[in-house]
Amino acid sequence: MARASGASAGQGLVPALSEGPRVRAALIVVAAVFFLFFLLLPLLVVFVEALRQGLAAYWAGISEPEARAAIRLTLLTAIVVVPINTLFGIAAAWAVTKFNFVGKNLLITLIDVPFSVSPVIGGMVFVLLFGLPGLLGPWLAAHDVKIIFAVPGVIIATLFVTLPFVARELIPLMQKQGTDQEEAALMLGANGWQTFLRITLPNIKWGLLYGILLCNGRAIGEFGAVAVVSGHIMGLTNTMPLHVEVLYNDFNFVASFAVASLLVMMAFATLVLKTVLEARAAWKLPTLP
Amino acid sequence: MASAGRRTWTILPGLGLSLGITLTYLGLIVLIPLSVLLVKAADAGAAKIWAELASPRALAAFRLSFGTAFLAALCNAIFGFILAWVLVRYQFAGRRLMDAMIDLPFALPTAVAGISLAQLYASNGWLGYALAKAGISVAFTPLGVLVALVFVGLPFVVRTVQPVLEELDREMEEAAVLLGARRREILRRVVLPPLLPAVMTGATLAFARAIGEYGSVIFIAGNMPGYSEIVPLLIVIKLEQFDYPGATVIASAMLIASFILLLAINVLQARIRSWQGG
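Just so we're clear, the structure is a prediction, and the values are computed from it rather than from any experiment.

Student: What am I meant to see in the overall build of chain A here?
Tutor: Helix and strand content of chain A: 14 helices and 0 strands. Across chain A, helices and strands are ordered from the amino to the carboxyl terminus as α-α-α-α-α-α-α-α-α-α-α-α-α-α. A compact globule built from 289 residues would reach a C-alpha radius of gyration of about 19 Å, whereas chain A, at 24 Å, exceeds it by more than 25%. A burial count over chain A gives 47% of its 289 residues as buried. Residue pairs in contact within chain A that sit at least 24 positions apart in sequence constitute 71% of those at least 6 positions apart.

Written out as structure tokens, the structure is:
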């Protein structure tokens, strides 16, 4: 492979130390074509379809009452879910990284479970618990509490699927940082909360923000789990992704892609903020979902 | 790690509070609901479980979900490896944009990916039209399911291989050159062995994600029972028909498959860490 002709390759490298220029170019082209077909075109389609009938139709799509109700419900869900799972993530990371106890590794694995379970199952377990034929269904019905096919169900299902995000950003970070700084603060007379607020929190802030960002993105975009519990009631229990689905299935493509384009912009903002946070944190943030 | 492992006491406060919050919340939101699912499935009885899982419709859905997920993981292993290699080792225009956008399938809501891919590969869509002329139909076939799953799993292999490739010691390759090795030998004996566990981990993560995927698939798949109907959709349909025992049995089978995969991923990640550590 590395014949002498390869010596003219690239940036004056020893031939065997890198691929020849042809292999290089071929690999870059393969990567670029794959990137184009699987990432760029799907994005472009959303905006082209959304604007197919002009700006007025686009605007009508995102400002009709059902769309506005969907946007409101999505924002409400994120506002409720993100703080709860942030507090959980901090508590879980503190327990798991600052102390040793039996079953710690099992606990870390269990925190990851919602990621490895189908979102459909994440929604359906709450139907089994709170739905009318479910375990607590008759009792809830008798007390006139609606969870399934209502807003609380949407929120609980979203809590399930976004539970691990903050914890799994913080755990590796806090493991690396150890406990020396906190112990020093405590020995100098700080109490527990002071230690957490002045020592731990500044140390983990970029990782924490990144976890919150991912949690928020998923809370806004969750589809499978929410689809099972929401009942798709227009104007009441439809989140933005569910509204996109209903419109698409009604062949109302312009409005569907218009609402979808808002979600694409949210995804873009998430990626841009991630890049900014990475530059600030000066380390590569672990991504996986 | 080693020093933390030896120390069994600490003066840090808050173990009771933080562990209490963690266990209570995790129990209420995840562990109890999932146990209810498994208990209800067991309640259905062996005959019902067998009848559900062995029904032709469920078998076809399992075959489709696991088969396409496997092929998608394979595609992602190959193209993810090429993307990671190109991003780490080469310089070219647009490299940083490409790097930043690899995470898009994680950030993009699955329903948006679903309608977008369905539109793109429909017989009158940008790519679907050209493919239809070549006699290939993607939308409303198992091939459409595969396309959606490749999209969803794209970042996993790239993001597991990238850090390992970045930390790979170039001096090892230089030493191999000085010892007279040819490029092909160096790739096979020096470069690939430490990367293999990372590729395997990424592909397994992509596979685990793909078998449960719902939003990005249902729009492009056409959802014909026995032909292009995935398992998560079958669960949803059974729920909508109030066939709770049927949905419970199938969901439990998926849940157990997910747990096995989670275990495999943990083992693979431990292997990567041992490569990096020593």
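There is more to say, and it comes next.
Student: Could you clarify how one ought to interpret the overall build of chain B in this entry?
Tutor: Helix and strand counts for chain B come out as 14 helices and 0 strands. Ordered by position from N to C terminus, the α and β elements of chain B give α-α-α-α-α-α-α-α-α-α-α-α-α-α. Projected onto its principal axes, the C-alpha coordinates of chain B cover approximately 65 × 65 × 30 Å. Buried residues in chain B amount to 46% of all 278 residues. Within chain B, counting contacts between residues at least 6 apart in sequence, those at least 24 apart form 79% of the total.

Student: Explain the interface of chain B and chain A here, please?
Tutor: By a frequent convention, interface size equals the accessible area lost on bringing the separate parts together. With 84 residues of chain B at the contact, the number on the chain A side is 78 residues. Residue composition of the side of chain B that touches chain A, grouped by class: 63 nonpolar, 13 polar and 8 charged.

Student: How do you make sense of the confidence of the model for chain B when you look at a structure like this?
Tutor: Caution is warranted with low-pLDDT regions, since their predicted coordinates should not be read in detail. Taken as a whole, chain B shows an average pLDDT of 91; of its residues, 95% reach a score of 70 or greater. The complex model carries a pTM of 0.91, and its ipTM stands at 0.90.

Student: Whenever I open this one, the nonpolar core confuses me. Can you help?
Tutor: Soluble globular proteins: nonpolar side chains tend toward being buried together. One finds Met124(A), Leu170(A), Val112(B), Leu149(B), Ile220(B) and Ile235(B) to be the most contacted residues of the largest nonpolar core, which totals 164 residues. The greatest single-element share of this core, amounting to 15 residues, is contributed by helix 4 (residues 56–89) of chain B. Contact partners of Leu170(A), with chain neighbours within four places excluded, come to Gly89(A), Ile90(A), Ala93(A), Ile204(A), Gly207(A), Leu208(A) and Gly211(A).

Student: Sorry, what's going on with the confidence of the model for chain A here?
Tutor: Taken as a whole, chain A shows an average pLDDT of 90; of its residues, 92% reach a score of 70 or greater. Counting interchain partners and residues more than four positions distant, the pLDDT-below-50 stretch residues 1–12 of chain A has 17 contacts.

Student: So what exactly am I meant to see when it comes to unusual backbone geometry here?
Tutor: Most peptide bonds take the trans form, and the phi angle of most residues other than glycine is negative. Even without being a glycine, Phe149(A) presents a positive backbone phi close to 60 degrees. You can see Phe149(A) is positioned in the loop between helix 7 (137–142) and helix 8 (151–162). One non-glycine residue, Phe242(B), lies in positive phi territory at about 60 degrees. Mapping Phe242(B) onto the fold places it in the loop between helix 13 (231–240) and helix 14 (244–277). Judged by local crowding, Phe242(B) falls into the exposed class, with 11 C-beta atoms found within 10 Å.

Student: What am I meant to see in helix 8 of chain A here?
Tutor: Because each turn of an α-helix spans 3.6 residues, side chains separated by three or four positions in sequence point in the same direction. When the terminal C-alpha atoms of helix 8 of chain A are compared, their 17 Å separation across 12 residues agrees well with the 16 Å that a helix rising 1.5 Å per residue should span. What helix 8 of chain A keeps buried is the set Gly153(A), Val154(A), Ile155(A), Ile156(A), Ala157(A), Thr158(A), Leu159(A), Phe160(A), Val161(A) and Thr162(A).

Student: Would you take a moment to explain the environment of Ala70(A) for this structure?
Tutor: All names here are of chain A. Residue position: Ala70 is located in helix 3 (residues 65–98). Residues Ala70 and Met187, 117 residues apart in the sequence, show an inter-C-alpha distance of 52 Å. Sequence-distant contacts of Ala70, defined by excluding residues within four places in its chain, comprise Asn238, Thr239, Met240 and His243.

Student: Is there a simple way to explain the packing of helix 1 (residues 21–50) of chain A against helix 7 (residues 110–121) of chain B in this structure?
Tutor: Orientation of helix 1 of chain A relative to helix 7 of chain B, taken along the N-to-C sense of each, is 85 degrees, at an axis distance of 9 Å. By the angle class used here, helix 1 of chain A and helix 7 of chain B are roughly perpendicular. Note on element contacts: helix 7 of chain B touches helix 1 of chain A through Val112(B), Ala113(B), Ser116(B), Leu117(B), Gln119(B) and Leu120(B), opposite Leu41(A), Pro42(A), Val45(A), Val46(A) and Glu49(A). The residue inventory of the contact of helix 1 of chain A with helix 7 of chain B, partitioned by class, reads 8 nonpolar, 2 polar and 1 charged.

Analysis parameters
Residues numbered from 1 in each chain as written. Chains lettered and ligands numbered in written order. Predicted model: local features only at pLDDT ≥ 70, side-chain atom pairs only at ≥ 80, totals over all residues. Helix = DSSP H or I, 4+ residues; strand = E, 2+ residues; numbered from the N terminus. Rg over C-alpha atoms; globule rule 2.2 N^0.38 Å. Buried ≥ 20, exposed ≤ 12 C-beta atoms within 10 Å, placed from the backbone. Contact = placed C-beta atoms within 7 Å. Nonpolar A, V, L, I, M, F, W, Y, C, P; charged D, E, K, R; others polar. pLDDT = per-residue confidence, 0-100. Core = buried A, V, L, I, M, F, W, Y, C linked by C-beta atoms within 7 Å. Expected span 1.5 Å × (residues − 1). Axes fitted to C-alpha atoms, helices over the stretch in contact; angles between N-to-C directions. Parallel < 35°, antiparallel > 145°, perpendicular 65-115°, else oblique.

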